[in-house]
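Listed below, chain by chain, are the residues.
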Amino acid sequence: IVPLNSQSIEIEAKSFYNCRALVNLVLPQGSTADDSTTHKHSFQRCALLQDRFGEGAGSIITGLTSRFERFPVHKLCYYHSSTT
């Protein structure tokens, strides 16, 4: 789990390429990912994330940075579960 109020993260190309299990993740605001169309982008073939947020790395990053935007209680539970 990325700690609450962490600095933004830059996710390079192919970082999570073909990852079939990644789904429970929150990224800090301002995080970026390689969204290249000429080679494998950061989340290409991450089926669970693509099903939830769409094919492009940009839409996945938006989803992961704003995951709890309208769900403050969920946010508290998520971060509390990582420390207990």
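For the structure itself, consult the block above.
Thresholds applied
- Residues numbered from 1 in each chain as written.
- Predicted model: local features only at pLDDT ≥ 70, side-chain atom pairs only at ≥ 80, totals over all residues.
- Heavy atoms only, no water.
- Core = buried A, V, L, I, M, F, W, Y, C linked by side-chain atoms within 4.5 Å.
- Buried < 20%, exposed > 50% of the residue type's maximum accessible area, 1.4 Å probe, protein only.
- Helix = DSSP H or I, 4+ residues; strand = E, 2+ residues; numbered from the N terminus.
- Contact = heavy atoms within 4.5 Å.
- Disulfide = S-S within 2.5 Å.

Turning to the nonpolar core, a few remarks are in order. Core analysis: the largest hydrophobic core is formed by 11 residues, namely Ile-11, Leu-22, Leu-25, Leu-27, Phe-43, Cys-46, Leu-49, Ala-57, Ile-60, Ile-61 and Leu-64. Residue contributions to this core peak at 4 residues, all from helix 2 (residues 57–65).

This paragraph deals with helix 2. Looking only at helix 2, the buried set comprises Ala-57, Ile-60, Ile-61, Gly-63, Leu-64 and Thr-65. Check the buried side of helix 2 and you find it contacts strand 1 (10–11), strand 2 (32–33) and helix 1 (47–53).

One pass over the full model with this rule turns up 0 disulfides. With no disulfide of its own, Cys-46 has Cys-19 as its nearest cysteine by sulfur position, at a separation of 5.1 Å.

Our focus in this paragraph is unusual backbone geometry. Phi at Lys-14 takes a positive value of approximately 65°, unusual for a residue other than glycine. The backbone of Asn-18 sits at a positive phi, close to 65°, despite the residue not being glycine. Its location among the elements puts Asn-18 in the loop between strand 1 and strand 2. A relative accessible area of 26% means that Asn-18 is categorised as partly exposed.

So, on to the side chain of Ser-31. In this fold, Ser-31 is placed in the loop between strand 1 and strand 2. Filtering out sequence-adjacent residues up to four positions away, Ser-31 remains in contact with Ser-8, Ile-9, Ile-61 and Thr-65.

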